[in-house]
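Spelled out, the chains give:
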Amino acid sequence: MKKIIVIHGPNLDLLGKREKDIYGAETIDDINSVLISKAKETGVGIETFQSNHEGDIVDKIRDTDASGILINPAAYTHTSIAIRDALSAKRLPTVEVHLSNIYAREEFRHKSLIAPVVTGQISGFGRESYVLGFDALRMMLKERSCIENA
Ligand code: DQA
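Nothing here was measured: the structure is a model prediction, and the numbers come from that model.

(A) Fine view of the pattern of salt bridges. The tally for this structure, following the rule as stated, stands at ten salt bridges. Among the ionic pairs, Glu-26 bridges to Arg-127, the shortest N-O distance being 2.9 Å. Remark: Arg-127 occurs in helix H5 (residues 127-143) and Glu-26 occurs in the loop between helix H1 (20-23) and helix H2 (28-42); sequence separation between them is 101 residues. Looking at Glu-26, the relative accessible area reads 28%, which means it is partly exposed. Assessed through its relative accessible area of 28%, Arg-127 is described here as partly exposed. Among the salt bridges present, the one from Arg-105 reaches Glu-106, with a minimum N-O distance of 3.8 Å.

(B) Representation of the layout of surface pockets within the structure. Approximately 160 Å³ is the volume attributed to the largest pocket. Lining the largest pocket are 14 residues, with Tyr-23, Ala-74, Ala-75, Arg-105 and Arg-109 sitting closest to its centre. For the lining of the largest pocket, the per-class residue count stands at six nonpolar, five polar and three charged.

Rules behind the numbers
Residues numbered from 1 in each chain as written. Predicted model: local features only at pLDDT ≥ 70, side-chain atom pairs only at ≥ 80, totals over all residues. Heavy atoms only, no water. Salt bridge = Lys/Arg side-chain N within 4 Å of Asp/Glu carboxyl O. Helix = DSSP H or I, 4+ residues; strand = E, 2+ residues; numbered from the N terminus. Buried < 20%, exposed > 50% of the residue type's maximum accessible area, 1.4 Å probe, protein only. 1 Å grid on protein atoms, 1.4 Å probe; cavity = no way out; pocket = protein on both sides within 12 Å on 5 of 7 lines; lining within 4 Å. Points joined across faces, edges and corners; volume = space filled by probe spheres on them. Nonpolar A, V, L, I, M, F, W, Y, C, P; charged D, E, K, R; others polar.

Now the structure itself:
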């Protein structure tokens, strides 16, 4: 079974406690559970990963055997050339997601260093950003015949 890897960047382990007015009350486990159910329903493999460390995220991208990447790079969205380079080197179908609408927030969040090297970006729908991103990736992989019956 082909697999999608879900990568959560720094501070997303604090979801549910951190700035609930912006990021909502759900925890990272709640989000992962929804994606795991969706993966089961659709016959796609899934792995979830969270790290607060840029190099660990780079290593995960480099080493993954997944067919597609769903990533919320969190604050590294705006700073990490290393994560961008790892994604471009890997060349897998990749969807960048954000819980909040990064373009409606502080100016320093308006620029994503990641967006130019991913397939697409979904921003501003809370948990649904991940669900929409997962579906988009799944459909893209199906079209590319990477996943049978997805
Ligand atoms: C975020 C937006 C980023 O600007 C921020 O640093 C985060 C979360 C989001 O999901 O809305 O940590 O990626």
